[in-house]
Amino acid sequence: MIRTIGIIGSGQMGTGIAHVTSLSGHTVRLMDTSPESLSRAMQALEKNLDRQVSKGKITELEKDEALARISTGTEMSTLADCDLVIEAATENEDIKRGIFKDLVPHLKADALVATNTSSISITRLAACTDRPHKFIGMHFMNPVPVMQLVEIIRGIATDEETYQAIRELTFKLGKTPAVSEDFPAFIVNRVLQPMINEAVYTLYEGVGSVEAIDTAMKLGANHPMGPLELADFIGLDTCLSVMQVLYEGLADSKYRPCPLLVKYVEAGWLGRKVGRGFYDYSGDTPRPTR
C-alpha cells in the first residue's frame with residue numbers, strides 16, 4: 001500500500017506532482033537541495049490550490065488538509081519513510097543517476113522508485129539502483145493538476161507487483177494511465193517532439209513566420225496551442241534534450257535537432273520560464289522573436 005510519497009525536485013513538475021498526490025490523501029515529502037526553491041514551490045502550490053477553491057473544484061478544507069500533508073526537506077534522509085519516491089529533477093541522465101545513487105542508501109527495503117523522465121531509458125536508470133525490479137517510469141504531463149495522462153513505462157527488470165501498484169496509484173490520483181514500452185521518448189514525446197522540431201525547421205527554412213506557423217496549426221489542425229508556443233511552454237532545453245535522446249537512441253536522421261533550436265538554447269532563450277523563446281514575454285502580449 002502506497003501511503004507516503006517522496007518527490008525529488010521542487011520545480012514545476014515536482015510541485016505539480018506534490019499537488020495531486022497530497023490532494024488525493026497521500027502524505028508527501030517534497031525534497032530539494034535548494035531551500036529557496038522549496039519555498040517558491042510551497043507558495044505556488046498554495047496559489048494553485050486557491051485557484052481550484054475559487055473555481056469550486058475543491059473546498060477550503062480540502063486545500064488546508066492537502067497542504068498539511070506536505071513536508072519539505074533538503075536532505076535525502078527526508079525520504080526515509082516513503083513507500084514510493086518519484087524523481088522529478090531536470091531532464092539530464094547524469095543528474096538523475098547521481099540522484100538515485102544518493103537516494104538508495106536512505107530507502108526502506110520495500111520502497112518503490114519512479115522517475116518522471118520524459119525520454120530517458122527506464123532500464124538504464126533502474127540499473128544504477130539496488131532495486132531495478134521496484135523501479136518504473138511515471139511520466140506526468142505538464143501542468144500536472146490539469147493534464148489527465150500519466151505514461152507508465154516498465155524497464156526490462158520492473159516486476160508485475162511494481163507495475164500494478166503504480167497503475168492503481170495513477171487511478172487514485174484521478175489520472176488515466178497509458179502504458180509505453182521502454183523505447184526512446186516513449187509515446188507522447190516520440191510523436192510530439194518531432195512535430196515541434198519540424199515546426200522549428202519550417203521557421204529555419206523560411207517557410208513561414210512564428211505567427212504563421214502557430215496560426216496554421218491552431219486553425220488548420222485544431223491544435224489548442226501552436227507548436228512553437230508549445231515549445232516555449234515546455235522549455236526549449238527540454239525539447240532539445242528529447243530530440244537528442246531520439247536521435248542518439250534510434251540513429252535515424254529524421255530525429256536530428258534543428259540547428260535553430262540548438263541556437264536558441266545556446267542563447268539561453270529557453271521559452272516562458274526565462275521570458276524569451278520563440279516569443280518575447282516581457283510585454284503584456286507575447287511577441288514573436290523571429
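Given the structure is predicted, the values throughout are model-derived calculations rather than measurements.

A. View of the pattern of salt bridges. For the structure shown, the criterion picks out 18 salt bridges. A salt bridge links Asp83 to Lys108; the shortest N-O distance between them is 2.6 Å. With a gap of 25 residues between them, Asp83 in the loop between strand S3 (70-73) and strand S4 (84-87) and Lys108 in the loop between helix H4 (93-103) and strand S5 (112-115) connect regions that are remote in the sequence. We classify Asp83 as buried; its relative accessible area is 16%. Overall, Lys108 belongs to the partly exposed group, its relative accessible area being 27%.

B. Structural context of the sheet that holds S5. Overall, mixed pairing links the eight strands, which are arranged S3-S2-S1-S4-S5-S6-S7-S8 in an open sheet. Both outer strands of the open sheet, S3 and strand S8 (176-180), are each paired with one neighbouring strand and no more. The sheet shows a mean angle of 25° between the axes of neighbouring strands, taken without regard to direction. As judged from the four bridges shared by strand S1 (residues 4-8) and S4, these two strands associate in the parallel manner.

C. A look at the packing of aromatic side chains. Summed over the entire model, instances satisfying the criterion amount to five aromatic pairs. Residues Tyr201 and Tyr204 carry aromatic rings whose centres are separated by 6.2 Å and whose planes lie at 65° to one another, so their mutual orientation is edge-to-face. Here the residue Tyr201 and the residue Tyr204 both occupy positions in helix H7 (residues 188-204), the gap between them amounting to three residues, near one helical turn. Judged by its relative accessible area of 11%, Tyr201 falls in the buried class. Ring plane angle 90° and centroid distance 5.4 Å describe the contact between Tyr264 and Trp269, whose orientation is recorded as edge-to-face. Taking the relative accessible area as the measure of exposure, Trp269 reaches 28% and is therefore partly exposed.

D. Representation of the environment of Ala127. If you trace the backbone, Ala127 turns up in the loop between helix H5 (122-126) and strand S6 (135-140). With 145 residues separating them in the primary sequence, Ala127 and Arg272 have C-alpha atoms 35 Å apart.

E. Seen up close, the domain arrangement of the chain. Splitting the chain by domain gives domain 1 (2-179) and domain 2 (188-286). When each unit is reduced to the centre of its C-alpha atoms, the spacing between domain 1 and domain 2 is 27 Å. Summing both sides of the interface, domain 1 and domain 2 together bury roughly 640 Å²; the carbon and sulfur share of this comes to 58%. By the criterion of area lost to domain 2, the three top residues of domain 1 are Glu91, Ser118 and Ser119, representing 49% of everything that side buries. Linking domain 1 to domain 2 there are zero salt bridges. For the pair domain 1 and domain 2, the interface holds three residue pairs in polar contact (both at pLDDT 80 or more).

F. Region of interest: helix H1 (residues 12-23). Here H1 spans 17 Å end to end across 12 residues, near enough to the 16 Å set by a 1.5 Å rise per residue. When you tally the buried positions in H1, you get 10 out of 12 residues, the bulk of the element. Regarding H1, the residues found buried are Met13, Gly14, Thr15, Gly16, Ile17, Ala18, His19, Val20, Thr21 and Ser22. Of the residues one or two after H1, Gly25 is the one with positive phi, at around 100°.

G. Broad picture of helix H3 (residues 60-68). Along H3, the residues classified as buried are Lys63, Ala66 and Leu67. When H3 is viewed along its axis, its buried side chains cluster within an angular range of 95° and face the same direction. When the buried face of H3 is taken as reference, the exposed residues oriented beyond 90 degrees from it are Leu61 and Ala68.

H. Examining the state of the cysteines more closely. Considering all chains together, one arrives at zero disulfides under this definition. Here Cys239 stays free of any disulfide, with the sulfur of Cys258 as its closest cysteine sulfur at 12 Å. Accessibility expressed as a relative area gives 1% for Cys239, which makes it buried.

I. Summary view of the environment of Ala111. Following the sequence through the fold, Ala111 ends up in the loop between H4 and S5. By relative accessible area, Ala111 is classed as buried at 0%. Not counting residues up to four positions away in its chain, the partners in contact with Ala111 are Cys82, Asp83, Arg131 and Lys134.

What counts, and where the lines are drawn
Residues numbered from 1 in each chain as written. Predicted model: local features only at pLDDT ≥ 70, side-chain atom pairs only at ≥ 80, totals over all residues. Heavy atoms only, no water. Salt bridge = Lys/Arg side-chain N within 4 Å of Asp/Glu carboxyl O. Helix = DSSP H or I, 4+ residues; strand = E, 2+ residues; numbered from the N terminus. Buried < 20%, exposed > 50% of the residue type's maximum accessible area, 1.4 Å probe, protein only. Pairing = 2+ DSSP bridges. Axes fitted to C-alpha atoms, helices over the stretch in contact; angles between N-to-C directions. Phe/Tyr/Trp six-rings, centres within 6.5 Å; stacked < 30°, edge-to-face > 60°. Domains from an automatic or database assignment. Buried area = accessible area lost by both parts, 1.4 Å probe. Polar contact = N/O pair within 3.5 Å; in protein donor to acceptor, adjacent residues only side chain to side chain. Expected span 1.5 Å × (residues − 1). Arc of directions from axis to C-beta. Disulfide = S-S within 2.5 Å. Contact = heavy atoms within 4.5 Å.

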